[in-house]
Amino acid sequence: MTSIWGDVVTGEAETAARRLRDGMERGVLSFPLTSFHEDGSLDPEGFRAHVAAQIATGPGAVFPACGTGEFFSLDEEEYRQVVAIAVEEAGGRLPVVPGIGYGWAQAVRFARIAEEAGADALLVLPHYLVAAPQEGLVAQVEQLAARTRLPLIVYQRGQVAYTAASLRRIAALPNVIGLKDGHSDLDRLQRLTLAAPEGFLFFNGASTAEIQARAYATVGIPAYSSAVHAFAPEIANAFFAALRDSDDKAVERLLRDFYVPLVELRDRVPGYAVSLVKAAARLRGRPVGPVRAPLTDPSAGDLADLEALLTTGLDLVGAAL
């Protein structure tokens, strides 16, 4: 299946890939939180302030309304507002890549909203609920690619995992420009990077990706998303700089004293991969509000542990809570 958009897709895909590649070399990929009021309603102005502060810290790209941004909790109108605000605040200075998901028919609805809002590309989140064979995984991407002019980055995580043969097929589509990985299977990843065409983008999308950043780099995937950037860009940027500069002592100090304890705290309760990030942002006065059900905010005890850990991490990089 080929795209109905023809050369328009090819040109936009090349531009998006180049801008993302340039951004990945200078900073982490930012996945901002979506702000809610205490009653659970969307807080557009809170989100505007949060995403503006994120962009000011120099990430390589901004990915609104993805996993960290609780895409799964947004209706279409809320999604429209979130993407539009991110585009407005980015002002063309860096790529804006919102998430889309569920089955391809619903994902196309989100894709069209993102197009209208001025997004630069889309992150295709794993489809909803069911396991599927490789032929179906490829067909899902083909259906999406044929129905949007925006470049696509596919995300393999959960029930989605591509073989090298499947990756060759989707990478041949003119507007599929990259793959984000959340499985951390280095054997599979090495096969995928070798199967991909020259210039195809790969991203480390593991939970708390810094933990595995060095391992991913050994198979040719240095770029990664950073949830920590959403609440402590000072720490995220310091880690990125240390990794870029091969400062192993600094990398290991941050991993040992901040990132590993953060993962241990994250693993206490399902959903803390988002809930803790939001709670840490609130500790720093960011206007992000609570999480929406089915996620839950951290307990008082876990929140106290998070505050102590955050203080330690900021101390390591010469910053304050």
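Above this text is the structure in question.
A brief look at the structure comes next.

Here is what the cut-offs are and how they apply
Sequence order sets the numbering: in each chain, residues are counted from 1 along the sequence as written. For a predicted model such as this one, the threshold for reporting local features is a pLDDT of at least 70, and the threshold for listing and counting side-chain atom pairs is 80 or more; totals across whole chains, interfaces and linings nevertheless cover every residue. To get the side-chain values, take all heavy atoms of the structure and skip hydrogens and water. Numbering goes from the N terminus for both helices and strands, where a helix is a DSSP run of H or I of at least four residues and a strand is a run of E of at least two. Each residue's exposure class comes from its accessible area (1.4 Å probe, protein chains only) as a fraction of the maximum for that residue type: buried when under 20%, exposed when over 50%, partly exposed otherwise. Expected span, for any helix, means 1.5 Å times one less than how many residues it has. Residue contacts follow a heavy-atom distance rule, with two residues in contact if any of their heavy atoms lie within 4.5 Å. Only buried residues count toward a nonpolar core, which is a set of Ala, Val, Leu, Ile, Met, Phe, Trp, Tyr and Cys residues joined through side-chain atoms within 4.5 Å. The sign given to each residue is positive for Lys and Arg and negative for Asp and Glu; His and the chain ends receive no count. Should a side-chain nitrogen of Lys or Arg be within 4 Å of a carboxyl oxygen of Asp or Glu, the pair is scored as a salt bridge. Contacts described as polar in this section are N or O atom pairs within 3.5 Å, which, within protein, must combine one atom able to donate a hydrogen with one able to accept it, while residues neighboring in sequence count only if both atoms come from side chains.

### Remarks on the environment of Leu 283
- Relative to the elements of secondary structure, Leu 283 occurs in helix H11 (residues 272–283).
- What makes Leu 283 partly exposed here is its relative accessible area of 25%.
- Between the C-alpha atoms of Leu 283 and Ile 85, which are 198 residues apart in sequence, the distance is 24 Å.

### Focus: helix H12 (residues 300–316)
- Taking 1.5 Å of rise per residue, the 17 residues of H12 would be expected to cover 24 Å, and the 25 Å separating its terminal C-alpha atoms lies within 8% of that figure.
- Against the buried residues of H12 lie helix H9 (233–244), helix H10 (248–266) and H11.
- Two residues or fewer after H12 comes Gly 318, characterised by a positive phi angle close to 75 degrees.

### Focus on the nonpolar core
- Within the largest apolar cluster, 74 residues are counted, with the highest numbers of intra-cluster contacts made by Leu 20, Phe 63, Tyr 79, Ile 100 and Leu 123.
- By size, the runner-up hydrophobic cluster in this structure holds 34 residues, among which are Ile 235, Val 288, Leu 306 and Ala 319.

### Some words on the side chain of Glu 115
- Mapped onto the secondary structure, Glu 115 falls in helix H4 (residues 104–117).
- Among buried Asp, Glu, Lys and Arg side chains, Glu 115 stands out as unpaired, with Arg 149 the closest opposite charge at 4.2 Å.
- Of note is the side chain of Glu 115, whose polar atom sits 2.5 Å from the side chain of Thr 148.
- Within the local environment of Glu 115, its side chain forms a polar contact with the backbone nitrogen of Arg 149, the two atoms lying 3.3 Å apart.
- Apart from residues lying up to four places away in sequence, Glu 115 is in contact with Arg 147, Thr 148, Arg 149 and Leu 150.

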